[in-house]
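An overview of the molecular structure
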Amino acid sequence: MPKLIIDDISVAVPEGTKVIEAAEQVGIHIPRFCYHPALGSVGACRVCAVKFLQGPFKGVQMSCMIEAADGMVVSTTDPEAVDFRRHVIEWLMINHPHDCPVCDEGGHCLLQDMTVSGGHGMRRYQGKKRTYLDQDLGPLVQHEMNRCIQCYRCSRFYQEYAGYRDLGVMGIASRVYYGRFGPGTLKSPFSGNLIDICPTGVYTDRPSRYKGRRWDYERTPSVCIHCCLGCRITVNVRYREVVRIEARYSPTVNGHFICDRGRYGFFYASSDRRPRKARSGGAETRPKNARDEAAHRLEEITARHGSGSVAVVGGSRSTLETLAAERRICRQLGWQGPSLFTGTEESAAARRAAGHLTTDLAVSLEALKNADLILVAGADPINEAPMAALAIRQAARNGAHIEVIDPRPVTLPLEYVHRPAGTDKISEILRGLGKPSTEDASGDIQDLAARLDQSRRPVVVCGAGKIASERTVEQAARLARNLRRAGKKAGLFFVMTGANTFAACRMAGDPADLETLLLMIEDGKVRALVVVEADPMSEYPDLARLVDALAKLDLMVVLDCIDTETARAAHVFFPTQTFFETGGTLINNEARIQQARPAFAGGTPISQTGGGSHPPRVFRDDIPGTEALSAGQLLMDIVSALSGGISRSVEEFDGVAPEFSGFDPVEATGERGTWAKLPLRTAAGPDSPQMGGETPIKKGELLLVESVYGTEALSRSSPWLQELESEPALTLHPEDASRWGLQHGDRCELSTEAGALTVPVHTSRSTAPGTLVLPRHRRLRWQVFQHFRSGLDTVRIRKTGGEGA
Amino acid sequence: MIPEPTLSHLKDRIAAADHPRELVVDVMFALQEHYGYLSDEAVETTGALLGMSPLQVEELATFYTFLYREPVGRYVIHLCDSVICWLDGAESLRDHLCRKLKIEMGRTTPDGLFTLLPVCCIGYCDRSPAMLVNRKVYGPLTPEKVDELLEKLKQESE
Ligand code: SF4
Ligand code: SF4
Ligand code: FES
Ligand code: FES
């Protein structure tokens, strides 16, 4: 550990630490533009100059380029260094416009801060400034090249860190230009990070353009709920409107970055289509009336048919608090559920995964970056958990071997080996690899087995839900455990289906899934449904069956913060608060428990109540649009109105999940405290023997999959992300395509007994033969296939467009 | 469209290279040879040949002085814009050239004959001030010698 002295403070740092980082450890923030902890040093901007007084280097040097060494004495305040930095800033400001008041970066601009703190308050340069034409980079990122100070952060992030190739640096000398080959939407699903890392206003957030300065915003640390990873975010709210999401640094979860789904998926929270009023029989009503009505009708139904005739359906976008309330109610009132999963297989796979994820095996995104071999099995990181792809890329950049076993045409921004295997083959391959001796491994996986054998920090990334089966999950866990037994620092990283799937595994009741519950509705056992923050009508793969079943119900009560088809079909509907308003606890895919505080009090945005002008000048003692309560609270209110109901606070976990009681709330800012992992007891685990075999695939199978935009329940209503969606298509292997006389670019009709849809055909050699891949896209009526994985014996394919159609 | 022989020759060379990307400048020059300048299409073709995105090709294309991303005149004059030539009057020579051709640096004469561009030291400091015309070096230059040369080139082109 080299020891050095910086501004009279001595500090010991690990080998390889740069002086700029060493200074940070003793609280000295050396100015920087090009240096970024995630991107490393390049020495491009010269603003981090400090003076080396003693040691191997002498004089003014760049603190980001020099590694701390024993005996160094460094001054950041030496007049020579201060003067050097002042000149660098003046020089960078030569071409920079002097119009901060009209720049959206103003107020959180590193260049502003450095210019002022560097002592450059007066412009001396009188010449012409270099100017550029800007490019249209799409709906998310605004481009203003005149503000560039050539730090190279953007191109380094975009190409080196994230692995996308359509933005970079062109030109030379005073013509250096950062942008695309031609105007057009950025292709990377991580493009929004440009906004956070550019130290000036070249890239700014387009949807929130001119909505306010940073100091105008209510800024709250929170957690992203658009996939299972739970990246940390900062929520920006102004005038009761969520206007912007920024990445929030977390050393263990997401690092410095987030994906664009997480950054731009929040539109639902302040949308003018958000339901704000309770409804009964389709007509708006007062919350109390709706509550009385729901309670009254529930009471009637239970009186007539018994308490088991009511069921709760929930989902993985609810907080732990809401899920616990659902569980408590079902337990104490004898209701069915809560059914928190869509299908039986999905629920089995997810719960088995949760049961296997012991503290020693679970790895964070950060640990994933340090793996030396990553085996992705039955998961499609970019589409299911985007930041996982970015972490896998960092591992690859550090030399890790990456191998993907999946039937889908998985694309990752890195070099990897893809084995397109059918869903039923994945577990077999994993089992082959998991055998104690690699000699047993069959020929084509021997190479991978040998690599695993040599690896020291292998991680198995495994899907656990709609595509990867329970058996795959089981084999992935066994493989990871065997590798650990073989003395490796092996890890297991599950890609779950929702933000709080882990908690759902813990809180699901009986039946755990809607598929099983439907049987109970169909045979008349269940007569009333309370649907909490879930939308079966756009999530269940067999819509016709679902609609028939729902029609048999005497009552459907829906609680949700978005306007869904299910909500519209409800007899009684209650608007709920979003996660931004409730805060709450989420458990991410590595069983990390994360809590967020409410970001704001909710209510209809002033931009809507005022219709774009001043808010209405009416005095009232409440905030308009705040009838909504948290779903958990609402549930408690409804049942407490039942005779024999329960009245408890939603924050109480005793009785339903004692491991969470006495659980100490911590703000979403730190890493300490309860930002820990808890061993969770779930129904399925290593010791639960009963497990279904692989569903045999008949004549191939059709997979209904997730895509980065257009499938996730909340973000799919974002108009900015909708602009980025590509037309959902059927993807299959070219040889399969020719079986049906199809070619890339044709259109085809897929039909089952339940209905038909028409989509473009894409062919890809990296799709497993026999597998058809279709996104569960909001623009498709895909709920005709009955299962997320369905045998092709029930599907008809017919060419409807293209050559020879 | 690039003629098939050129294209297949390039493809062969790329196939034989250990790291195809190291040929990117050669490919760009070959295509520039064909189009007279490095057109957008040439940038895209280069990318397709080498497995690079057009942007990645553009990053390099716009870095090199002798790759022209816009159409240029028949004679491309690169006037040395570095320290030894400055000492020997390159700046007044530049003014002279601009006056004579009635264009600014970086432009092409309306008749399409001359393009005037600066270049960093071309290694002929012993003949400063120096310039290149279609890659051929001239120097040490005086306004008279420049006039003579321009006249000669004009006549040649007729
Ligand atoms: S655009 Fe921003 S991030 Fe990129 S080089 Fe310029 S100042 Fe740096
Ligand atoms: S990777 Fe998932 S949790 Fe992270 S920002 Fe994206 S959607 Fe949100
Ligand atoms: S931060 Fe060190 S040179 Fe830019
Ligand atoms: S400075 Fe002009 S040729 Fe070297």
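Residues numbered from 1 in each chain as written. Chains lettered and ligands numbered in written order. Predicted model: local features only at pLDDT ≥ 70, side-chain atom pairs only at ≥ 80, totals over all residues.

**With respect to helix 6 (residues 90–101) of chain B**
Residues and elements named next belong to chain B. Here helix 6 contains 12 residues, and its C-alpha end-to-end distance of 16 Å stays within 8% of the 16 Å for a straight helix at 1.5 Å per residue. Along helix 6, the residues classified as buried are Ala90, Leu93, Arg94, Leu97 and Leu101. Along the axis of helix 6, the buried positions cluster into a sector of 105°, meaning they face one direction only. Relative to its buried face, helix 6 has exposed residues pointing more than 90 degrees away, namely Ser92, Asp95 and Arg99. (Helix = DSSP H or I, 4+ residues; strand = E, 2+ residues; numbered from the N terminus. Expected span 1.5 Å × (residues − 1). Buried ≥ 20, exposed ≤ 12 C-beta atoms within 10 Å, placed from the backbone. Arc of directions from axis to C-beta.)

**Some details on the domain arrangement of chain B**
If you check the domain split of chain B, you get domain 1 (4–61) and domain 2 (75–157). Summarising the inter-unit geometry, the C-alpha centres of domain 1 of chain B and domain 2 of chain B are found 29 Å apart. (Domains from an automatic or database assignment.)

**Considering the sheet that holds strand 1 (residues 3–6) of chain A**
Residues and elements named next belong to chain A. Ordered by their spatial adjacency, five strands build an open sheet running 2-1-5-3-4, and the pairing between neighbours is mixed. For this open sheet the edge positions go to strand 2 (9–12) and strand 4 (59–62), each flanked by a neighbour on one side alone. Averaged over all pairs of adjacent strands, the angle between strand axes in this sheet comes to 35°, irrespective of strand direction. Note that strand 1 and strand 5 (residues 73–75) share two bridges and pair parallel. Note on strand 5: the bridge partner recorded for Ile6 is Val74. On top of the sheet, helix 2 (residues 79–93) reaches strand 3 (49–54), strand 4 and strand 5; it is set at about 160° to strand 3, its chief contact. (Pairing = 2+ DSSP bridges. Axes fitted to C-alpha atoms, helices over the stretch in contact; angles between N-to-C directions. Contact = placed C-beta atoms within 7 Å.)

**Here we look at the site of ligand 2**
Residues and elements named next belong to chain A. Taken together, 14 residues form the shell around ligand 2, and within it Cys224, Cys227, Cys231, Gly262 and Met387 come nearest. When contributions to the shell around ligand 2 are tallied by element, the ones reaching two or more residues are helix 6 (260–264) and helix 12 (386–397). Tallied by class, the residues present in the shell around ligand 2 amount to nine nonpolar, four polar and one charged. Counting contributing residues, the shell around ligand 2 receives three or more from each of domain 2 (126–269) and domain 4 (359–494). (Near = placed C-beta within 6 Å. Nonpolar A, V, L, I, M, F, W, Y, C, P; charged D, E, K, R; others polar.)

**Some details on the site of ligand 1**
Surrounding ligand 1, one finds Cys148(A), Ile149(A), Gln150(A), Cys151(A), Tyr152(A), Arg153(A), Cys154(A), Tyr178(A), Cys198(A), Pro199(A), Thr200(A) and Val202(A). Taken together, the residues of the shell around ligand 1 sort by class into nine nonpolar, two polar and one charged.

**Regarding the confidence of the model for chain B**
Residue and element names in this part refer to chain B. Counting all residues, the mean pLDDT for chain B is 95, and 100% of those residues have values of 70 or more. Of all the helices and strands in chain B, helix 1 (residues 4–16) carries the lowest mean pLDDT, 94, while helix 4 (residues 54–61) carries the highest, 98. Interface confidence for the predicted complex, given as ipTM, is 0.92, next to a pTM of 0.94. (pLDDT = per-residue confidence, 0-100.)

**Comments concerning the interface of chain B and chain A**
Contacts between the two partners involve eight residues from chain B, matched on the other side by 10 residues from chain A. Tallied by class, the residues present in the side of chain B that touches chain A amount to three nonpolar, three polar and two charged.

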